[in-house]
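Structural description and commentary
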Amino acid sequence: MRQGNFSEILATTPIYNPASAFMGNSTCGLTGTLNRVCRTAFAGNIIPIGSMYAPALAFMQYFPAPNLPGVQNNFITDQNLIRPYRSFMGRIDHNINDKNTIFGKYYHSRNTEDRYNLTMAPDSIFRGFENRRNNGASATWTSTLSSNLYFDLRGSWGKFELIRFQDGQPTAADLGFTGIPSSRQANVFPRFNFTNFMTVGSLRADYNDGRDRPFDMLTIQPTMTYIRGNHTMKFGYDFRRLHERFDYGGYASGQFTFTGAYTMQNSSSGATEQNRPGRDLASFLLGIPGSGSIDNPQVYDISSAYHGVFVQDDWRVTSKITLNLGLRYEIEGGYKEKEGRMVVDFDRTAASPIAAGVLANYNSGVPPGVPITNFQSLKGGFVFANGASQANQLMDKNNFQPRIGLSYSPDQKTIIRAGFGTFTAPFQIVTQSVVFQPGFSTPTTFTPTLDTGLTFVATLANAFPSGILPSVGSANGLMTFAGTDLTSAGGSGPTTVILQKDRKNATYTRYIVGVQRELWGGIGFEATYVYSSGKNLAVNRELNFIPRNCVRSDTGGPCLIDLATANPTTLVADLQNLTTYLGDRFKSFQDADPQQHRLERCDHRPAQIADGIPAVWQCGGRRVQRFEQLQLDPVAGRQTLYKRFVVQRFIHLVA
């Protein structure tokens, strides 16, 4: 099969020629309704050399030969993860004089993993390297200013950097894959995904053209300690600067997935026929992927500053009573991007630039059951940073944190402790969720056909005939991602979110009361009561939903189905009605500027709703479903907002 000879599977899996496509009936006959794309089989199940894409055939030399029988699951590897590690640390302690001391240390560690080298060969096309580096230093200066006044200055800097890359693999140009733009041919060759065979090429997106993500933090913390009578008082300042860069090439030379969609006989034969082993490999040799994309790099450089001040008094009231009284205040600015390349808000009140067109299209063909309400007041869109000085969120200026502690010993065998404190959690750089950059790293989707394979508009030989879409940044303003999901989600939840502009720092409050008592013979008893509560905790909420009060325009009934009161005999039909496709009731418009707005993403909402919406809608036959038109925003899709508002409480008793 590696050379196009599929005769060994002829009895079970004939390979059909995509170039022979014609319109036939449901059995690929030529009578009656001709509504299926049909194909004829290659003679003897052998693809002629002249029909194959030469670089794909040449690439097969890199595809490891099977070492087990059969046409599936026929390769076994004893792959090992090679992980060399090195580290060192230096330290110095020095007494300058009887009143001043200094301490300092420096550390470094580094390891480079050789990952996914399935063949264990030094020139393997599968291997990818993951390099982790840690560097850091800290120093402390302690000075005795007088018999009751002490000064302590601490500072630290730490940096962690993750680098992922490939090395030694041939480039796309080396293999003759000239179907991608010339500017990308010098990159590592594309990744090829097969339905039934091993993925070939970079096994991670960020091995294709690499990733470099250094994170560092600088801290400076001066503290003054003053002793007067029964009081020990401390005053201090806490400064932290967080900084992260991110340079991600992604699939810079593309990634492509191969199925049997165009090498099976009938376009509607279903998944079983499409996924038969061999048909995906035949599609690769013919140079016809089922899907794919190519990435533009994603780059950001963000930083934020944190400030905290505190005062604390440890007061020994009597020999039996000690009080700890303190107050801390923190303020934290939002993250700023060095060139303003990020979204700072989602304006839910801004009038949409396509509102008039959407309403006109609704009125020209009213979808049954879909109320006009949301089409009358279409609003919302991204707000981008206006430059390097604008942060992604407002400051939370109410972070006062009182702390009170009590220790009381009524006798030599009993001690009672109690305390109260409020604690604020600083914001963090969590994966890429802090920096949301729609428009700054736009991918270009590979679209092979617009008519289910009757004809092809793109192949591996010319994968992106219109070129790679430029990343226009914030140039499209409120039109950015118009007509598509504004955020995305994976199997475990949202993978991109819009940060709430005025979100608050999470705050925790804790009360504790405990008693310890020595009973006899060295046996003791202890009981502790703890009460905790939290507010402004982080959650993700979907903004674009069907309102509870939505009323159908045709029946006057609710848009939503209440499963508790639903009619079991009609429930299936009711659910099907909610997902009925209605997009064909909207007029179709040609995009005024396809190069500016085309997004070539056939998997979202291919049914044009208004002028100016990207010309995605020609990529396939799907249309906008009824439930999507019932949402608050019937044009945009998923809109996930990262908020902080939930309160949680628990009580815990230990004895």
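Definitions and limits used
Residues numbered from 1 in each chain as written. Predicted model: local features only at pLDDT ≥ 70, side-chain atom pairs only at ≥ 80, totals over all residues. Heavy atoms only, no water. Helix = DSSP H or I, 4+ residues; strand = E, 2+ residues; numbered from the N terminus. Buried < 20%, exposed > 50% of the residue type's maximum accessible area, 1.4 Å probe, protein only. Contact = heavy atoms within 4.5 Å. Pairing = 2+ DSSP bridges. Disulfide = S-S within 2.5 Å. Phe/Tyr/Trp six-rings, centres within 6.5 Å; stacked < 30°, edge-to-face > 60°. Lys NZ or Arg CZ within 6 Å of the ring centre and 35° of its normal.

**Observations concerning the overall build of the chain**
Check the secondary structure of the chain and you find 9 helices and 25 strands. Residues counted as buried form 45% of the 655 residues belonging to the chain. A sequence separation of at least 24 residues applies to 72% of the contacts in the chain between residues at least 6 apart.

**Focus: the pairing of strand E8 (residues 211-228)**
Where strand E6 (residues 149-165) and E8 come together, 16 bridges link them in antiparallel fashion. Bridging across to E8, Asp152 finds its partner in Thr223. With 14 bridges joining them, E8 and strand E9 (residues 231-248) adopt antiparallel strand pairing. By the bridge assignment for E9, Thr219 is matched with Arg240. Taking the residues between adjacent antiparallel strands as the criterion, E8 and E9 are bridged by 2 residues, where Gly229 takes a positive phi near 60°.

**Quick notes on the pairing of strand E23 (residues 506-520)**
The sheet contact formed by strand E18 (residues 414-425) and E23 spans 12 bridges and is antiparallel. If you follow Arg417 over to E23, its bridge partner there is Gly514. Bridge count between E23 and strand E24 (residues 523-542): 13 bridges; the pairing is antiparallel. Of the residues in E24, the one forming a bridge with Glu518 is Gly524. The antiparallel hairpin formed by E23 and E24 contains 2 residues in its connecting segment, where Gly521 sits at a positive phi of about 60°.

**Quick notes on the state of the cysteines**
One pass over the full model with this rule turns up 1 disulfide. Note that Cys28 is cross-linked by a disulfide to Cys38, the S-S spacing being 2.2 Å. Between Cys28 and Cys38, the S-S dihedral sits near -95°, and the bridge is therefore left-handed. You can see Cys28 sitting in the loop between strand E1 (22-24) and strand E2 (36-38) and its partner Cys38 sitting in strand E2, a full 10 residues away along the chain. For Cys28, a relative accessible area of 13% corresponds to the buried category. Residue class for Cys38 comes out buried when judged on its relative accessible area of 0%.

**Re the packing of aromatic side chains**
We describe a pair of aromatic rings using the distance from one ring centre to the other and the angle between the two ring planes. Across all of its chains, the model carries 30 aromatic pairs by this definition. When the ring of Phe246 is compared with that of Tyr248, the centres are 5.9 Å apart and the planes differ by 25°; the resulting orientation is stacked. The two residues Phe246 and Tyr248 agree in class, both being buried. Centre to centre, the rings of Tyr329 and Phe400 are 4.5 Å apart; their planes meet at 40°, and the pair counts as tilted. A residue pair is termed long-range when its members are at least 10 positions apart, and Tyr329 in strand E13 (residues 321-332) and Phe400 in strand E17 (residues 399-411) qualify at 71 residues. By relative accessible area, which is 21% here, Tyr329 ends up partly exposed. In this structure, Arg211 packs its charged tip against the face of Tyr248, placed 5.3 Å from the ring centre. Against the face of Phe427 rests Arg503, its NZ or CZ located 4.0 Å from the ring centre.

By themselves, these are just geometric observations and shouldn't be taken as functional.
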